[in-house]
Amino acid sequence: HKYVHKSHTHTHTHTDQMNHFIFLFLFSYILLSSCATLREAAARLNLFVGSAAGVSYFSDSTYTRILAQQYNLITPENECKWAATEPNKGQFDFSQCDSIHNYAKQNNQTFRGHNLCWGSYNPSWLTNGGFSAAQKRSFLQTHITTVVQRYGTSAYAWDVVNEAIADSGNDVLKPNVWYPDLPDYVDFAFKTARAANPNVKLFYNDYNIASSTGWSAAKSQKMYDMVKSMKQRGIPIDGVGMQLHVSLSYNLVSGVIQNIQRLAALGLEVHLTEIDIACADNGQTCTDWTTQKQQQQEQLYVALLKACLSVPQCKSFETWGFTDKYTWLTGNQHPLPYDENYNPKPAYNGLLQTLQTAANIE
């Protein structure tokens with residue numbers, strides 16, 4: 001009797017182990033298959049993983065397929081800027097901006113608006129009109145109000161002001177069509193955007209501000225002081241976008257982490273908004289795209305992603321495009337996670353693995 005009982009127990013245990021193994025295998029398989037893309041893995045972390053998108057590339061079906069498959073957030077590259085949306089004074093054209101927005105909605109992606117006020121990419125009527133400060137203020141208010149209200153909460157956020165801070169010297173703001181004519185234009189733009197829709201997140205976005213240490217420390221400090229002052233004075237700002245157009249030699253990731261932390265301490269959300277990693281420094285032509293350089297690029301992409309993942313207030317990790325076929329950079333830079341033929345590069349694989357690991361799926 002004892003023998004039979006033991007034998008029965010053994011068989012029962014063996015079946016349990018088999019069932020347990022099969023369950024674990026299927027569970028692991030389901031987890032992995034549900035995290036087989038950047039957006040699926042990022043969704044488990046409540047992270048936006050994004051790309052800039054351009055309407056001119058939408059005729060390329062491979063482009064639109066991968067963009068939808070891999071990314072849960074998209075930003076219009078140029079389609080929602082002034083020159084595109086208000087080509088003539090008081091006459092709005094949302095056809096291009098709508099195309100990006102509607103594509104995002106069709107593919108269950110978050111739409112991140114870019115941008116409402118900048119010193120570049122403005123229509124000639126605005127830059128060459130010889131307008132008074134009062135007229136410019138009126139134009140700025142009308143433009144921001146019209147654009148923000150059109151998309152409402154269908155936009156997660158807007159870069160309200162883009163690239164306002166002076167690159168060097170003691171001046172905080174750089175001269176442009178708005179400054180110094182409207183000394184308070186940054187405050188005014190944010191207040192106008194908030195009045196247009198109280199439920200859209202409002203961001204300041206700039207380049208060479210990502211690290212609070214190293215060569216970008218001075219400009220980064222100007223940015224920090226500006227947004228801290230805005231918060232203290234009750235100007236409605238919700239976050240900061242750090243562009244991160246860098247090259248393989250970039251070595252300030254620890255400064256990026258410190259900067260994200262100090263902005264988070266102000267109660268601000270942080271987005272890494274325009275990441276690309278060029279092969280060569282300072283716009284020089286890249287002459288050799290070696291395996292070693294591809295691995296360096298992967299390591300830097302992964303380090304920046306981990307920087308974002310290390311601070312809960314860093315909510316978005318976005319590259320400026322996703323394929324080397326369509327990049328704003330010249331000189332054969334190979335800056336993005338997919339190559340010219342849409343093959344995932346080591347950079348892509350590193351990003352995916354990092355997201356999967358962070359979601360405890362290896």
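Everything below is about the structure printed above this text.
Attention here is on the structure that accompanies the text. Predicted, not measured: the structure shown is a model, and the values here were computed from it.

## What about the overall build of the protein?
Thinking step 1. Summing up its helical and strand segments, the protein has 12 helices and 9 strands in all.
Thinking step 2. Principal axes of the C-alpha set define a box for the protein whose edges measure 100 × 45 × 45 Å.
Thinking step 3. A sequence separation of at least 24 residues applies to 75% of the contacts in the protein between residues at least 6 apart.
Thinking step 4. About 16200 Å² of surface is accessible on the protein, with carbon and sulfur atoms providing 50% of the total.
Thinking step 5. Within the protein, the 29 negative side-chain charges are centred at a point lying 8 Å from the centre of the 27 positive side-chain charges.

## Here we look at unusual backbone geometry
Thinking step 1. The peptide bond linking His114 to Asn115 adopts the cis configuration, its omega dihedral lying at -10 degrees.
Thinking step 2. Among the structural elements, Asn115 can be located in strand β3 (residues 110-118).
Thinking step 3. Positive phi is not limited to glycine here, since Asn108 has a value of about 55 degrees.
Thinking step 4. By the secondary structure assignment, Asn108 is in the loop between α5 (95-106) and β3.

## Comments concerning the nonpolar core
Thinking step 1. Core analysis: the biggest nonpolar cluster contains 99 residues, and Trp158, Val161, Tyr185, Phe190, Leu263 and Leu272 have the highest contact counts within it.
Thinking step 2. No other element matches helix α8 (residues 185-196), which puts 7 residues into this core.
Thinking step 3. Setting aside residues no more than four positions away along its own chain, Phe190 makes contact with Val160, Val161, Leu202, Phe203, Tyr204, Met230, Ile235, Pro236 and Ile237.

## Some words on the packing of aromatic side chains
Thinking step 1. According to the stated counting rule, one finds 22 aromatic pairs in the structure shown.
Thinking step 2. Look at Tyr338 and Tyr348: their rings are 5.1 Å apart centre to centre, the planes differ by 50 degrees, and that puts the pair in the tilted class. A residue pair is termed long-range when its members are at least 10 positions apart, and Tyr338 in the loop between β9 (314-319) and α12 (346-358) and Tyr348 in helix α12 qualify at 10 residues. For the residue pair Tyr338 and Tyr348, the accessibility class agrees, reading buried in each case.
Thinking step 3. Linked through ring pairs, Tyr57, Phe58, Tyr63, Tyr71, Tyr103, Phe322, Tyr326, Tyr338, Tyr342 and Tyr348 together constitute an aromatic cluster.
Thinking step 4. A cation sits over an aromatic face here: Arg137 above Phe188, 4.9 Å from the ring centre.
Thinking step 5. For Arg262, the ring lying beneath its charged end belongs to Tyr224, and the centroid distance is 4.4 Å.

Basis of the calculations
- Residues numbered from 1 in each chain as written.
- Predicted model: local features only at pLDDT ≥ 70, side-chain atom pairs only at ≥ 80, totals over all residues.
- Heavy atoms only, no water.
- Helix = DSSP H or I, 4+ residues; strand = E, 2+ residues; numbered from the N terminus.
- Contact = heavy atoms within 4.5 Å.
- Areas by Shrake-Rupley, 256 points an atom, 1.4 Å probe, with all protein chains shown as cover.
- Lys, Arg positive; Asp, Glu negative; His and termini not counted.
- Charge placed at Lys NZ, Arg CZ, Asp CG, Glu CD.
- Core = buried A, V, L, I, M, F, W, Y, C linked by side-chain atoms within 4.5 Å.
- Buried < 20%, exposed > 50% of the residue type's maximum accessible area, 1.4 Å probe, protein only.
- Phe/Tyr/Trp six-rings, centres within 6.5 Å; stacked < 30°, edge-to-face > 60°.
- Lys NZ or Arg CZ within 6 Å of the ring centre and 35° of its normal.

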